[in-house]
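In case you want the letters, here they are:
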Amino acid sequence: MPDVKHFDPDAALEQVMRLFWERGADVTGIADVVQATGLSRSSLYATFGGKERLQAAALGRYLERRSRPVFDALAADRRGLPAVASFFEQLVAARCTGEHARWGCLVTNTHTGAGRELPEVRQVLDAHHAELRAAMRAALTVAAGLGQVRPGLDLDAAAETLALLAYGVNLRSRAGADPGDLLAGVRAVLDGFTRPATETVTETHH
């Protein structure tokens, strides 16, 4: 077994993140981590601490490497509602097809697990939600500026709704939901935010 001085902690944490993501941290023991990484218990504990700290570290890595780049891209997108629609289309595709199909989202999965009560884990969960919500709010602000949303729409509440919708997609995809059904639900929510076409036409004549 390699010791703490002779392995790459970053690569090991990537393996642990994938293990917790696919199987769930609650049902994955240290013995499973040892087997997956090839590291000794002493090396794991010396580098990451116990399982609780290891779970928090893996979750933080997921936020940094998986979630944050997507949130940043959405916040920087200047298309408005089409950017939000694209976000969900990519989310459904990632959750239902490819290498990580039916794994769900590590952060969303953690919301339903025992680890959510750990302070270090809770901090990452709260940070993830704040960043997701802020990205949605940024896209909705653009949409409002482009006249894409109905007048009087509460952008903060709408951003919260979209964040909750993302969690729902993550959970339902893990349970085997049909991608078409997920996208239909997304479209229904976005349609509720949209400025009616008749209203747009009326304002054009003015």
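See the structure printed just above.
Here is a short report on the structure shown in this document. Each chain carries its own residue numbering, running from 1 in the direction its sequence is written. A pLDDT threshold of at least 70 governs which residues receive local features in this predicted model, and a stricter bar of 80 or more applies before side-chain atom pairs are shown or counted, although totals over entire chains, interfaces and linings include all residues. Note that water and hydrogens are dropped before the side-chain values are worked out from all heavy atoms of the structure.

1. A look at the overall build of the protein chain
- When helices and strands are counted, the protein chain shows 10 helices and zero strands.
- Numbering goes from the N terminus for both helices and strands, where a helix is a DSSP run of H or I of at least four residues and a strand is a run of E of at least two. In the protein chain, the order of α-helices and β-strands from amino to carboxyl end is α-α-α-α-α-α-α-α-α-α.
- Categorising residues by exposure relies on relative accessible area from a 1.4 Å probe, with only protein chains included: less than 20% of the type maximum marks a residue as buried, more than 50% marks it as exposed, and the intermediate range marks it as partly exposed. Counting all 206 residues of the protein chain, 42% fall into the buried class.
- The charged-residue count follows a simple rule in which Lys and Arg add positive charge and Asp and Glu add negative charge, with His and chain termini not counted at all. Taken as the charge centre is NZ of Lys, CZ of Arg, CG of Asp or CD of Glu, depending on the residue. Averaged over its 23 positive side-chain charges, the protein chain has a centre that lies 2 Å from the centre of its 25 negative ones.

2. A look at the packing of helix 4 (residues 51-76) against helix 7 (residues 119-145)
- Each axis is a line fitted through C-alpha atoms, and for a helix only the stretch in contact is used; angles between axes span 0 to 180 degrees, taken between their N-to-C directions. Here helix 4 crosses helix 7 at 5 degrees, and the two axes come no closer than 9 Å. Considered as vectors, helix 4 and helix 7 are oriented roughly parallel to each other. Of helix 7, the residues touching helix 4 (which contributes Arg53, Gln55, Ala56, Leu59, Gly60, Leu63, Ser67, Arg68, Phe71, Leu74 and Ala75) are Glu120, Val121, Val124, Leu125, Ala127, His128, Glu131, Leu132, Ala135, Met136, Ala138 and Ala139.
- Here the residues of the contact of helix 4 with helix 7 sort into 15 nonpolar, four polar and four charged. Any angle from 65 to 115 degrees is called roughly perpendicular, while one under 35 is roughly parallel, one over 145 is roughly antiparallel, and all others are oblique. Pairs of residues are marked as contacts when any of their non-hydrogen atoms sit within 4.5 Å. Side-chain classes are defined by residue name, with Ala, Val, Leu, Ile, Met, Phe, Trp, Tyr, Cys and Pro counting as nonpolar, Asp, Glu, Lys and Arg as charged, and the others, Gly among them, as polar.

3. Side note on the pattern of salt bridges
- The term salt bridge refers to a side-chain nitrogen of Lys or Arg lying within 4 Å of a carboxyl oxygen of Asp or Glu. The tally for this structure, following the rule as stated, stands at 11 salt bridges.
- Here Asp10 makes a salt bridge to Arg65, at a shortest N to O gap of 3.5 Å. Note that Asp10 is positioned in helix 1 (residues 9-23) and Arg65 in helix 4, a separation of 55 residues in sequence.
- The class of Asp10 is partly exposed, set by a relative accessible area of 36%.
- Across the pair Glu160 and Arg133 runs a salt bridge, and its minimum N-O distance is 2.7 Å. One end of the pair, Glu160, is in helix 8 (residues 155-174); the other, Arg133, is in helix 7, and 27 residues separate them in sequence.
- Judged by its relative accessible area of 28%, Arg133 is partly exposed.
- A cluster of three or more residues bridged by salt bridges with shared partners is formed by Asp10, Glu14, Arg61, Glu64 and Arg65.

4. Looking at helix 4
- Residue count minus one, scaled by 1.5 Å, sets the expected span of a helix. Taking 1.5 Å per residue as the helical rise, helix 4 with its 26 residues ought to reach 38 Å, and the 36 Å between its terminal C-alpha atoms agrees with that figure.
- Packing partners of the buried residues in helix 4 comprise helix 1, helix 2 (30-37), helix 3 (41-48), helix 5 (81-96), helix 6 (106-111) and helix 7.

5. Description of unusual backbone geometry
- In the Ramachandran plot, Arg102 falls in the positive-phi region, its phi being about 70 degrees despite a non-glycine side chain.
- Structurally, Arg102 is set in the loop between helix 5 and helix 6.
- Residue classification places Arg102 among the partly exposed residues on the basis of a relative accessible area of 30%.

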